[in-house]
Amino acid sequence: MAQECVFCRIIAGELPADFVYRGRGVVGFRDIHPVADTHVLVVPEIHIQDLRDLGEEHAGLWLTLAQVANQVARELGHADGYRFYVSVGAAGGQTVPHLHVHVLGGAMRRIPV
Ligand code: 5GP
Ligand code: ZN
C-alpha cells in the first residue's frame, strides 16, 4: 500500500467508497464525480502506478480488470455496451496515480478530459 494514495486508502477501508465489486484482487467502486449514468472505477488492490508499469507478471491481473469491467457493466444494466478507458500518466489526464479502468455506461454527461 502506498500511504499517500487515495485508492490504496479506499481499498484499505480508511476512506469511504460506494463499492459495487470486490474480489479476484480487484475492486470496483463508483466515481465520486460521475460523468455518465454509470461511472465505476475498477482498480487492482495492489498499487501499480499506471499502465506503463504493467509487466508480464500482471498478465492475469489485466485480464481480470477487463473481465470485472465486463461483469460490472453487465450487472449495472449495460450488457449492450459501455466505454472502457484508462488515463495513462499526468500528460494522459491521469489524476490518481494508481492504475484504474473507467467503466462508463449509459448517457455521458461530458467527455472525460
Ligand atoms: P483519472 O483522472 O486518474 O483517469 O481518474 C481518477 C478518477 O478518480 C476521477 O474520475 C475522479 O473523479 C475519481 N476520484 C478521485 N478521488 C476520488 C475519491 O476519493 N473517491 C472516488 N470514489 N473517486 C475519486
Ligand atoms: Zn495506490
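Trainee: Would you explain the overall build of the protein chain in this entry?
Mentor: Assigned secondary structure in the protein chain consists of two helices and five strands. Ordering the α and β elements of the protein chain from the N terminus gives α-β-β-β-α-β-β. Oriented by its inertia axes, the alpha-carbon framework of the protein chain measures out at about 35 × 25 × 25 Å. Within the protein chain, the fraction of its 113 residues that count as buried is 38%. Residue pairs at least 24 apart in sequence account for 52% of intrachain contacts in the protein chain once pairs closer than 6 positions are excluded. Just so you have it, the protein chain exposes about 6200 Å², and 52% of that area is on carbon and sulfur atoms. Of the side chains in the protein chain, 9 bear a positive and 12 a negative charge, and the two mean positions are spaced by 6 Å.

Trainee: Help me understand the site of ligand 1 in this model?
Mentor: With respect to spatial proximity, 16 residues lie near ligand 1, and among them Arg30, Asp31, Ser87, Thr95 and His102 are the closest. One of the side-chain N or O atoms of Ser87 is found 2.7 Å from an oxygen atom in ligand 1. Coverage of ligand 1 by the protein chains reaches 82% of its 520 Å² of free accessible surface. Elements with a contribution of two residues or more to the shell around ligand 1: α1 (6–11) and β2 (26–30).

Cut-off values and rules
Here the residue index of a chain counts from 1 through its sequence in written order. Whichever chain is written first is A, and whichever ligand is written first is 1; the rest continue in order. Since the coordinates come from a predicted model, pLDDT governs what is reported: local features require at least 70, and pairs of side-chain atoms require 80 or more to be given and counted, while whole-chain, interface and lining totals use all residues. Working from all heavy atoms in the structure, the side-chain values ignore hydrogens and water. Runs of E in the DSSP output that reach at least two residues are strands. Runs of H or I that reach at least four are helices, and both are numbered from the N terminus. The cut-offs for exposure are 20% and 50% of the maximum accessible area for each residue type, with area from a 1.4 Å probe on protein chains only; residues under the lower value are buried, those over the upper are exposed, and the others partly exposed. In what follows, residue pairs with any heavy atoms lying within 4.5 Å of each other are defined as contacts. Residue burial considers only the protein chains on display, and all accessible areas are found by Shrake-Rupley using a 1.4 Å probe. When charges are tallied, Lys and Arg are placed among the positive residues and Asp and Glu among the negative ones, while His and the ends of the chain are skipped. By convention, charge coordinates are those of NZ in Lys, CZ in Arg, CG in Asp, or CD in Glu. Being near a molecule or strand, for a residue, comes down to having at least one heavy atom within 4 Å of it. Distance and chemistry together define a polar contact, namely a pair of N or O atoms within 3.5 Å, with one atom able to donate a hydrogen and the other to accept it when in protein, and with adjacent residues in sequence counting only for side-chain atoms on both sides.

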